[in-house]
Amino acid sequence: MIIPLHMSQSFLIDNPRARVALPSLAALFALFVLSGCDGSSGSSDSSLTAGPGADDQPIAEAPAFNTASGFVVVREPGPRLPVEATVEYTDADFDAGLPAIVLQVPDGFDTTTNLPPNFDNLQNVSVMAGELVEVVYRPVDPEGELPGMFPEELLQGSSFDDNFDGTKTFRWRPLQMDVGINAFTVTALDPANDSYRASQTIFIKVELPDDPSTIPNVAPMLDEFRPHTVRVNDPVVIELKGIDLNGDTPILEIPDLPVGGSFNQHPRFAEIYVLKFVPTTTGTLTIDVVARDSIDSALTAEESISISVLAASAFTTTGQPLRALAEVRDLRIGFAALQSFYHRPDGAIYADIAEREFNFVTPENSMKMDQINPEPGRFQFAATDNLVSFAQSADMTVHGHPIIWYRQLPNWIEQAPLTQVEQHMSEYISRLMSRYKDDVTVWDVINEPLADNGSLRDSIWHKAMGESYIDKAFAQARAVAPDAQLLINEFDISMEGPKATALFALIDRMQANDIPLDGIGFQMHFFTSFDQFTELEANFAKVAERDLDIYITELDVSLAQGATLAQQASVYERVVSLCLAQPRCKAIQTWGLTDQYSFRSIFDPLLFNRSYQAKPAYTAVQGVLADTTQ
Ligand code: 9MR
């Protein structure tokens, strides 16, 4: 029996989203039906976890912390949620002794005539925080040569020094932040072939001494600040994070605050300070920052950060914006919005270009279950509330993503008894969708249900309910949001193959059972080498034949090695053309706005480059949309 909706939570009226916090009667009715409820357990006590409460409602954030204009940013009300310790290695790993060497063997290499290199006399090390660890690495080649070596990744504050006799010494003084089991890996290269490699990890166990005052207090540091490009006369916010390996919270200072600027400690994250100012001249702006130790104020570190300020004219494009061209065609053109873009230095230009070009937006990450419901009874809605407010101010419709997915799940749901997972799913769908049902027009109800071989993915949802989890989620989604378009969103379905075959079988089964499916989301994380356009066209047609809509939900085209921007543009152009040629294709969304923040940033896959300049891919998409013969 489930009644997952908390009708009694009338305190939500103070919240901007309060009007969507209460369920419709239709939704409640559907939940009764879905849960087989006999009507006898109408109290919220029957919920497995508490729904959103007053403590979960976002509050207004002071403008000094964001770049937003046109909408009010809210933030989570409380302090940071305690971070669940992600224990990578345990005492048991340490006690098991030195891990086995990991080999990399080039194709066709004969390992019987050439044995791999190894290291002389290594063992795991145990040390107290504050003590110096010194480990000498002496690589050995069974064939008698001298192997080279390098550390895979240095531990913070450590060094790997050449002794100029074929050995190197690892030196590290771990501090409070390092308490636990740490791993350090060195790779030796075989002198006969440097692709023939042996990697040896050692574990270093760091414990806190009885008297922690014996641990040296070190100067704090400033976390890395990536280069950014902003537009002159836009507000800029820079979140600066101090790090102290002693585990204290550094104090950050800006000796020469930009004129009219503010510098405030973050209300939720004590180690973060936020600089806000408006640059009024173009050029490279350099700002000095001091990180001061909170225990010994004489201990400081000084660093400079710089940003590039461009004239407004640098961000203009020629021709009509994409959304203007799409609107004429009744097409939605959209993007996945970087979570909290208004907290980035370039948040203002990000928002402006998004508003100019797109009429549809998906939260890239903020609606994932681990973000929304990180602990039982705890909810984090601020980032999604802000996305919705932004969308309203920019006259965009919102695509909800994802409701039920196998990834980005909070630990608590992964660990829930399988017998309770169905009820948890129902409670989650109801809480998420009822909050946003008036704002979201399209939902990815089920994200990525299929495995590569076409079987259903082995998610907790599938483990608990088998294939019926899909039907249950859709039925409930329709009941909560009867007017929304409900999608399955999947990748690798643009070409023939086991996944596409399985998708069509799944659709057929769902339709035979009257499951309310409205469309298919094609993700399309392509590389420039993608050329299966005939198969893509055919798969579009198969979706259309089934009376379903097509949404291109996550389009990006990564630059394969050596590929050109023109090749990238051509893939975009062909995808957009196929969409325009298919009447059931309702939307095209790129997975991000700028290469600066793409999840595949290293492959520069989007329409705007890292400094927000429109790329050939943009011009290509614009050209197809403007071409009235298509
Ligand atoms: O772009 C998203 C990235 O920032 C996240 O780290 C990742 C995990 O949550 O998800 C990425 O987005 C995925 C989307 O939600 C579902 N389809 C695949 C996308 C790329 O991995």
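Provided above is the structure to which this section pertains.
The text that follows walks through the structure, step by step, so that each part is easy to find. (Residues numbered from 1 in each chain as written. Predicted model: local features only at pLDDT ≥ 70, side-chain atom pairs only at ≥ 80, totals over all residues. Heavy atoms only, no water.)

**Describing the state of the cysteines**
Covalently bonding the sulfur atom of one cysteine to the sulfur atom of another cysteine gives a disulfide. So the rule is basically this: By disulfide we mean two sulfur atoms from cysteines, separated by a distance within 2.5 Å. Relative accessibility thresholds used throughout: buried, under 20% of the residue-type maximum; exposed, over 50%; partly exposed, between the two (1.4 Å probe, protein chains only).
According to the stated counting rule, one finds one disulfide in the structure shown. Two residues, Cys579 and Cys585, share a disulfide whose sulfurs are 2.1 Å apart. On the sign convention where negative is left-handed, the bridge of Cys579 and Cys585, at about -95° about the S-S bond, is left-handed. By the burial criterion, Cys579 is buried, and Cys585 matches it.

**Observations concerning the site of the ligand**
Using the following cut-off: Being near a molecule or strand, for a residue, comes down to having at least one heavy atom within 4 Å of it. N or O atoms closer than or at 3.5 Å make up a polar contact, with two conditions inside protein: a donor-capable atom paired with an acceptor-capable one, and, for residues adjacent in sequence, both atoms drawn from side chains. Exposure was quantified through the Shrake-Rupley algorithm and a 1.4 Å probe, taking into account, for residues, occlusion by the shown protein chains and nothing else. Each residue gets one label: Ala, Val, Leu, Ile, Met, Phe, Trp, Tyr, Cys and Pro are nonpolar, Asp, Glu, Lys and Arg are charged, and the others, such as Gly, are polar.
Around the ligand, 14 residues are found, and the nearest of them are Glu364, Lys368, His401, Glu448 and Glu554. Between the ligand and Trp591, the relevant distance is 2.9 Å, taken from an oxygen atom to a side-chain nitrogen or oxygen of the residue. In isolation the ligand offers 450 Å² of accessible surface; the protein chains occlude 81% of this area. For the shell around the ligand, the per-class residue count stands at three nonpolar, six polar and five charged.

**Examining the pairing of strand E19 (residues 283-292)**
Condition: Two strands qualify as a pair provided DSSP detects at least 2 bridges between them. Helix numbers and strand numbers start at the N terminus; a helix is a DSSP run of H or I with at least 4 residues, a strand a run of E with at least 2.
Alignment of strand E16 (residues 251-253) against E19, held across three bridges, turns out to be antiparallel. In the sheet register, Glu253 faces E19, and the bridge partner there is Val290. Relative to strand E20 (residues 300-310), E19 runs antiparallel, the two being bridged by 10 bridges. Its bridge partner lying in E20, Thr284 is registered against Ser308.

**Re the pattern of salt bridges**
For the record, the criterion: Should a side-chain nitrogen of Lys or Arg be within 4 Å of a carboxyl oxygen of Asp or Glu, the pair is scored as a salt bridge.
On inspection of all chains with the given rule, the structure shows 23 salt bridges. Between Glu327 and Arg323 there is a salt bridge, with its nearest N and O atoms 3.2 Å apart. Of this pair, Glu327 and Arg323 both sit in helix H3 (residues 322-328), separated by four residues, roughly a single helical turn. Between Lys615 and Asp595 there is a salt bridge, and its shortest N-O distance comes to 2.7 Å. With Lys615 in the loop between strand E29 (585-590) and helix H14 (616-626) and Asp595 in the loop between E29 and H14, this pair connects stretches of sequence that are 20 residues apart.

**Considering the packing of helix H8 (residues 418-436) against helix H10 (residues 468-480)**
For clarity, the cut-off: Note on definitions: angles span 0 to 180 degrees between N-to-C directions of axes, and those axes are lines fitted to C-alpha atoms, for helices only across the stretch in contact. With respect to orientation, any angle under 35 degrees is reported as roughly parallel, any angle over 145 as roughly antiparallel, any angle of 65 to 115 as roughly perpendicular, and every other angle as oblique. Here is the rule for handedness: rotate from the far helix to the near one, and if that takes an anticlockwise turn smaller than a right angle the crossing is left-handed, while a clockwise turn gives right-handed. Any two residues having at least one pair of non-hydrogen atoms within 4.5 Å are treated as being in contact.
At a minimum axis separation of 10 Å, H8 and H10 run at an interaxial angle of 30°. With respect to their mutual orientation, H8 and H10 come out roughly parallel. Read as a crossing pair, H8 and H10 show a hand that is right-handed. Of H10, the residues touching H8 (which contributes Glu422, Met425, Ser426, Ile429, Ser430, Met433 and Ser434) are Tyr469, Lys472, Ala473, Gln476, Ala477 and Val480. Class assignment for the residues of the contact of H8 with H10 results in seven nonpolar, four polar and two charged.

**What about the sheet that holds strand E15 (residues 236-243)?**
The four strands are arranged E13-E15-E18-E17 in an open sheet whose pairing can be described as antiparallel. Looking at the sheet topology across the chains shown, the edges are occupied by strand E13 (221-222) and strand E17 (262-265). Sheet topology places E15 next to strand E18 (residues 272-277); six bridges connect them, and they run antiparallel. Note on E18: the bridge partner recorded for Glu239 is Val274.

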